[in-house]
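# Breakdown of the fold
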Amino acid sequence: MATSKKAAAPARPAAELRVYLTLTDLQPQFSSWMSSPLGARGYVAMQGTHSLLVEIAPGLSIQRVIDLALKAEPSLEPGILAVERQFGVLELHSNDRAALERAGQVILNWMQAKAEDQLRPQLLYSDILEDVTDQHAVLMNRTRQASMVLPGQNLLLMEVAPALFGAHMANEAEKVAPDVTLVECSMIGASGRMYLSGSVESLAKAKAHVEQLLAKIPGRG
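Calculation rules
Residues numbered from 1 in each chain as written. Predicted model: local features only at pLDDT ≥ 70, side-chain atom pairs only at ≥ 80, totals over all residues. Heavy atoms only, no water. Helix = DSSP H or I, 4+ residues; strand = E, 2+ residues; numbered from the N terminus. Buried < 20%, exposed > 50% of the residue type's maximum accessible area, 1.4 Å probe, protein only. Pairing = 2+ DSSP bridges. Axes fitted to C-alpha atoms, helices over the stretch in contact; angles between N-to-C directions. Contact = heavy atoms within 4.5 Å. Arc of directions from axis to C-beta. Salt bridge = Lys/Arg side-chain N within 4 Å of Asp/Glu carboxyl O.

### Topic: unusual backbone geometry
Residue Ala57 is joined to Pro58 through a cis peptide bond whose omega torsion reads 0°. Note that the residue after Ala161, namely Pro162, is joined by a cis bond; omega there is -5°. Assignment of secondary structure puts Pro162 in the loop between β6 (154–161) and α5 (165–176). At Asp25, a position not held by glycine, the phi torsion is positive, near 55°. Note that Asp25 resides in the loop between β1 (16–23) and α1 (28–34). A positive phi angle is found at Gln112, which is not glycine, with a value near 55°. With respect to the helices and strands, the residue Gln112 is situated in the loop between α3 (97–111) and β5 (122–129). The exposed category is assigned to Gln112, whose relative accessible area is 63%.

Shown next, in the form of structure tokens:
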């Protein structure tokens, strides 16, 4: 009598873990930005849910990563799947943090990696502009779809590499300074960027908090 054969585990190509990050308790503005109808967006991430972010190279291998994660934990919702020039980016979210952790472990097992094998975030730029001029505000708002920086407002600018840590900056800044306005957040590409407007005091608080958090994230240099 023929015996059934267990499916072989998918082969692991040479893949580099660039970012492995869990965001807890997605904040109102950041979750709304994640759900905006822009490129690479999938299922809507709601306020208060948790999110797993993964960036790897080569980019196309992210397709194997999402395949493994969703087969292991079908209840998870993919919010972002992007294959860009060099890297692949995946965002999964759920109210069940344990399910995210299980899916993440499946990904790490396939890559034969640990979370701390990711790249350590490098803060490339951090500055607060006070009393933005009207001409400057017009230029920055050319591509805005929602929140804008207005003349006379103050603006926090931060840039980080790898890019996916831009999401971490935005969500954590809103936690510590919920009165600020998230003007822009980019998290795919060569670097991640965050623009926040608000009072100088709140922006300084957000800046210091994010800088401290980034400095504590383990990873390789």
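### What about the sheet that holds strand β4 (residues 88–94)?
Backbone hydrogen bonds hold the strands of a sheet together, and the pairing may be parallel or antiparallel. Ordered in space as β1-β2-β4-β3, the four strands form an open sheet in which the pairing is antiparallel. Strand pairing shows two members of the sheet lacking a second neighbour, β1 and β3 (77–83), which therefore form its edges. Adjacent strand axes in the sheet meet at a mean angle of 10°, parallel and antiparallel pairs treated alike. As judged from the six bridges shared by β3 and β4, these two strands associate in the antiparallel manner. Across the sheet, the residue bridging to Glu77 is His93, located in β4. Its contacts with the sheet place α5 against β1 and β2 (50–57), and it is angled at close to 15° to β1.

### Overview of helix α2 (residues 62–72)
Working note: α-helix, 3.6 residues per turn, so residues spaced by three or four point in the same direction. Within the sequence span of α2, burial applies to Ile62, Val65, Ile66, Leu68 and Ala69. Each buried residue of α2 lies within a common arc of 165° when the element is viewed along its axis, so the set occupies one face. Against the buried residues of α2 lie β2, β3, β4 and α3.

### Concerning the pattern of salt bridges
When the charged atoms of two side chains with opposite charge come close together, those side chains can pair. Under the criterion given, the structure shown has 10 salt bridges. Its salt-bridge partner being Asp67, residue Lys71 comes within 3.1 Å of it at the nearest N-O pair. Of this pair, Lys71 and Asp67 are both found in helix α2, four residues apart, which corresponds to roughly one turn of the helix. Residue Lys71 is classed as exposed on the basis of its relative accessible area of 63%. Look at Asp67 and you get partly exposed, because its relative accessible area is 26%. The shortest N-O distance in the salt bridge between Lys114 and Asp117 comes to 3.9 Å. By relative accessible area, which is 45% here, Lys114 ends up partly exposed. Here Asp117 falls in the partly exposed class, since its relative accessible area comes to 26%.

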